[in-house]
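# What the coordinates show
This is what each chain is made of:
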Amino acid sequence: MKNLIKDTLSFISKTHSPFHAINNIENLLIDNGFEKLSESRQFDIQRGGKYFITRNDSSLIAFSIGNENKFHIVATHSDSPTFKLKPNPIVNKSGYTSLATEVYGGPIISSWFDRPLSIAGRLLVKENDKIVTKLVDIDDDICIIPNVCIHFNREINNGYKYNPSIDTYPLLSLSNINDLYSLFGENNEVLGHDLYLYNRDEAKIIGPDKQLFASSKIDNLECSYLATRAFVDTNDNSVINVLAIFDNEEVGSDTIQGADSTFLDDVLFRISIALNLNREQYLIALSKSFLVSADNAHAIHPNHPELSDSNNCPKMNQGIAIKFNAAQNYTSSGYSSALFIDVLKQNNVPYQFFANRSDIRGGGTLGSISSTHVSIQSVDIGCPQLSMHSSYEVAGIQDIEYMYQCLKAFYNSNI
């Protein structure tokens, strides 16, 4: 348990962009004997083999080929709410150098102010007549978004509305800087970038009884790491186990590397072709398959319990949350949840239910989006947490173990 907690917090602390998330997971898969495939080449796979494939360097699908033609899939996402740098980000104004950003996803904007920030992502660089991708991460307190002092903004504690085209540009320097890429030590021609701000505060265990941890990007790096660990630690060869980690969930998933793409269907179908299955046999395999969408849930809030449904409000460290929504923002149904709960009960994994108050509109996740492309029975689950979409979130320590046990039980199940 202690090693799993330590490894989870370490993974979150060192993962500062979707590209780093996939790179770190890719390294973990390679260390566990998985072979990397390419979308541009024919799949050369066999029963008993372990493989993975990436798209855009920010999404990944891994799979181990068991004997039965059906899929056990866990889907998560690699991105988190933040700020993305614009193509020409340097702003020299009033004797300051700042960075022009756009809001990515739905962050709690106020949580990003007055704290050390840095930049991570990828550069597309011309080297030796080729365009190559370079992961970059400035391991330093490089910028900060300063609040306006209360003397100039008397309404800041009365619900001030931040303007993302003015208020959220991070301050970089008092000097006149014109070359962003020199900050990364890059001397070659840079033709493009995907760069994001990140909170420099590392993950920490907090509280006198050490029952909580706080970190940036708990949503959804916690589930992404634990899904990967459960996947690589599963030795079951009865079915085709699949790990799918998508990018762009926080902005709607409608990209070629998002859950609203053909990525999952493409890979599952190509697996079937490589195993000499025809289209009919592929569809039969899907009808017997199951998908778990693992994306964190809202714990009941200590100061505002009235915002939660009184009968369906999960608590931290009391088990994973199975999420329901009548509008189908979550895929859990009475039937699919019954199948899944049976697996949890057989393995003594605690669980709870989450549903929004009927008069409060909640969020959604990638489960319902994925199932529009690949028709599979599925449930939505997550670890209960607080401060979702803040730059620094809070979750329960014990739920790390519960989520790992849950996903490993699913991968080993006969569901």
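Everything in this summary refers to the structure shown in the same document. (Residues numbered from 1 in each chain as written. Predicted model: local features only at pLDDT ≥ 70, side-chain atom pairs only at ≥ 80, totals over all residues. Heavy atoms only, no water.)

## Re the overall build of the chain
Check the secondary structure of the chain and you find eight helices and 20 strands. Compactness check: the chain gives a C-alpha radius of gyration of 22 Å against a globular reference of 22 Å for 415 residues, within 12% of the reference. By principal-axis analysis of the C-alpha atoms, the chain measures approximately 65 × 60 × 40 Å. In the chain, which comprises 415 residues, the share counted as buried stands at 55%. Excluding contacts between residues fewer than 6 apart, the proportion of contacts in the chain whose partners are at least 24 apart in sequence is 76%. The centroid of the 33 positive side-chain charges in the chain is displaced by 1 Å from the centroid of its 47 negative side-chain charges. (Helix = DSSP H or I, 4+ residues; strand = E, 2+ residues; numbered from the N terminus. Rg over C-alpha atoms; globule rule 2.2 N^0.38 Å. Buried < 20%, exposed > 50% of the residue type's maximum accessible area, 1.4 Å probe, protein only. Contact = heavy atoms within 4.5 Å. Lys, Arg positive; Asp, Glu negative; His and termini not counted. Charge placed at Lys NZ, Arg CZ, Asp CG, Glu CD.)

## Side note on empty space enclosed by the protein
By the definition in use, this model includes three cavities of 30 Å³ or more. In terms of lining residues, the largest cavity is bounded by Ser80, Pro81, Trp112, Tyr198, Asn199, Ser216, Lys217, Asp219, His389, Ser390, Ser391 and Glu393. Among the residues making up the lining of the largest cavity, the classes are represented as three nonpolar, six polar and three charged. A volume near 60 Å³ is recorded for the second largest cavity. Taken together, Thr15, His16, Ser17, Pro18, Ser78, Asp79, Ser80, Thr82, Tyr104, Tyr196, Lys217 and Leu221 make up the full set of residues lining the second largest cavity. Taken together, the residues of the lining of the second largest cavity break down into four nonpolar, six polar and two charged. (1 Å grid on protein atoms, 1.4 Å probe; cavity = no way out; pocket = protein on both sides within 12 Å on 5 of 7 lines; lining within 4 Å. Points joined across faces, edges and corners; volume = space filled by probe spheres on them. Nonpolar A, V, L, I, M, F, W, Y, C, P; charged D, E, K, R; others polar.)

## A look at the environment of Leu117
One can find Leu117 in strand E7 (residues 117-127). Residues Leu117 and Asn199 lie 82 residues apart in sequence; the distance between their C-alpha atoms is 4.9 Å.

## Description of the sheet that holds strand E20 (residues 393-396)
Spatial strand order, E11-E12-E20-E19-E15: five strands in an open sheet with mixed pairing. Edge positions in the sheet fall to strand E11 (204-206) and strand E15 (297-298), since each has one partner strand and no second. Of the strand pairs in this sheet, E11 and strand E12 (residues 212-215) are connected by three bridges, and their pairing is antiparallel. Looking across to E12, one finds that Lys204 is bridged to Ala214. (Pairing = 2+ DSSP bridges.)

## Comments concerning the nonpolar core
By size, the foremost hydrophobic cluster in this structure holds 52 residues, and its most contacted members are Leu29, Val292, Ile320, Phe340, Ile381 and Leu407. If we skip the residues at most four places from it in the chain, Phe340 touches Phe290, Val292, Ile320, Ile322, Val379, Ile381, Cys406, Phe410 and Ile415. Counting residues in each nonpolar core, the second largest holds 30 residues, with Leu264, Val267, Ala285 and Leu291 among its members. (Core = buried A, V, L, I, M, F, W, Y, C linked by side-chain atoms within 4.5 Å.)

## Side note on the sheet that holds strand E3 (residues 59-64)
One open sheet accounts for nine strands, arranged E1-E2-E3-E13-E4-E14-E18-E16-E17; its pairing is mixed. Sheet topology places strand E1 (35-36) and strand E17 (351-354) at the edges, where each strand pairs with a single neighbour. When E1 meets strand E2 (residues 50-55), the two strands line up parallel, connected through two bridges. If you follow Lys36 over to E2, its bridge partner there is Phe52. Sheet strands touched by helix H3 (residues 218-232): E3, strand E4 (71-77), strand E13 (240-246) and strand E14 (290-294). Its angle to E4, the strand with the most contacts, is close to 150°. Sitting on the sheet, helix H6 (residues 334-346) is in contact with E14, strand E16 (320-323), E17 and strand E18 (377-382), with an inclination near 60° to E18. (Axes fitted to C-alpha atoms, helices over the stretch in contact; angles between N-to-C directions.)

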